[in-house]
Amino acid sequence: MDKFGFAMFGGYDKLETLKYVDLLTSHIYQLEDALGSKNRGENYTIPDEVGPFDLKVSALGGFDKGDVDAYINELTEKIRELRRSLQADEA
């Protein structure tokens, strides 16, 4: 993945990081689908929120923590924006 640099010592476990990024990305797709349904006037449900995830640190080698944290923040901000759009005018 081009977004993540590598750390020789420490850093987030690569497999755990990729699983979490995949989970967040899948959640974004679900929210986008729900928003599309809402915009077309169709029935939709807002998916449950993704719970917090504690990424494991690898002793030797791994993804750079700063890069991973920045990307996860981008994904979670996108999730917050989509949720706000889905919840707008719902009350």
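Throughout what follows, the structure given in this document is the object of discussion. Computed from a predicted model, the values in this text were never measured in an experiment.

1. Section: the nonpolar core
Among the nonpolar cores identified, the biggest contains 18 residues, and Phe4, Leu24, Leu55, Val68, Ile72 and Leu75 are the most heavily contacted of them. Among the secondary structure elements, those contributing two or more residues to this core are α1 (14-39) and α2 (65-87). If we skip the residues at most four places from it in the chain, Ile72 touches Tyr20, Leu24 and Leu55.

2. Some remarks on the layout of surface pockets
Taken as a whole, the largest pocket spans an internal volume of roughly 190 Å³. Forming the boundary of the largest pocket are Tyr20, Leu24, His27, Glu49, Val50, Gly51, Pro52, Thr76, Ile79, Arg80 and Arg83. Contributing elements (two or more residues each) for the lining of the largest pocket: α1 and α2. Looking at which element gives the most residues to the lining of the largest pocket, the answer is α2, with 4 residues. Its residues assigned to classes, the lining of the largest pocket comprises 5 nonpolar, 3 polar and 3 charged.

3. Quick notes on a nonpolar patch on the surface
Taken together, the side chains of Met8, Phe9 and Leu60 define a hydrophobic patch exposed on the protein surface, amounting to about 430 Å² of accessible area. As for its placement among the helices and strands, Leu60 is situated in strand β2 (residues 60-63). For Leu60, a relative accessible area of 64% puts it in the exposed group.

4. Let's talk about the packing of α1 against α2
Interaxial distance between α1 and α2 falls to 10 Å at its minimum, and their mutual angle equals 20°. Comparing the axis directions of α1 and α2 gives the class roughly parallel. For the pair α1 and α2, the sense of crossing is left-handed. Along the contact surface, α1 presents Thr17, Tyr20, Val21, Leu24, Thr25, His27, Ile28, Leu31, Glu32, Ala34, Leu35 and Lys38, while α2 presents Val68, Tyr71, Ile72, Leu75, Thr76, Lys78, Ile79, Leu82, Arg83, Ser85, Leu86 and Gln87. By residue class, the composition of the contact of α1 with α2 is 14 nonpolar, 6 polar and 4 charged.

What counts and what doesn't
- Residues numbered from 1 in each chain as written.
- Predicted model: local features only at pLDDT ≥ 70, side-chain atom pairs only at ≥ 80, totals over all residues.
- Heavy atoms only, no water.
- Core = buried A, V, L, I, M, F, W, Y, C linked by side-chain atoms within 4.5 Å.
- Buried < 20%, exposed > 50% of the residue type's maximum accessible area, 1.4 Å probe, protein only.
- Helix = DSSP H or I, 4+ residues; strand = E, 2+ residues; numbered from the N terminus.
- Contact = heavy atoms within 4.5 Å.
- 1 Å grid on protein atoms, 1.4 Å probe; cavity = no way out; pocket = protein on both sides within 12 Å on 5 of 7 lines; lining within 4 Å.
- Points joined across faces, edges and corners; volume = space filled by probe spheres on them.
- Nonpolar A, V, L, I, M, F, W, Y, C, P; charged D, E, K, R; others polar.
- Patch = residues over 30% accessible without salt bridge, like charges linked within 9 Å, V, L, I, M, F, W, Y side chains within 5 Å.
- Areas by Shrake-Rupley, 256 points an atom, 1.4 Å probe, with all protein chains shown as cover.
- Salt bridge = Lys/Arg side-chain N within 4 Å of Asp/Glu carboxyl O.
- Axes fitted to C-alpha atoms, helices over the stretch in contact; angles between N-to-C directions.
- Parallel < 35°, antiparallel > 145°, perpendicular 65-115°, else oblique.
- Left-handed = near helix turned anticlockwise from the far one by under 90°.

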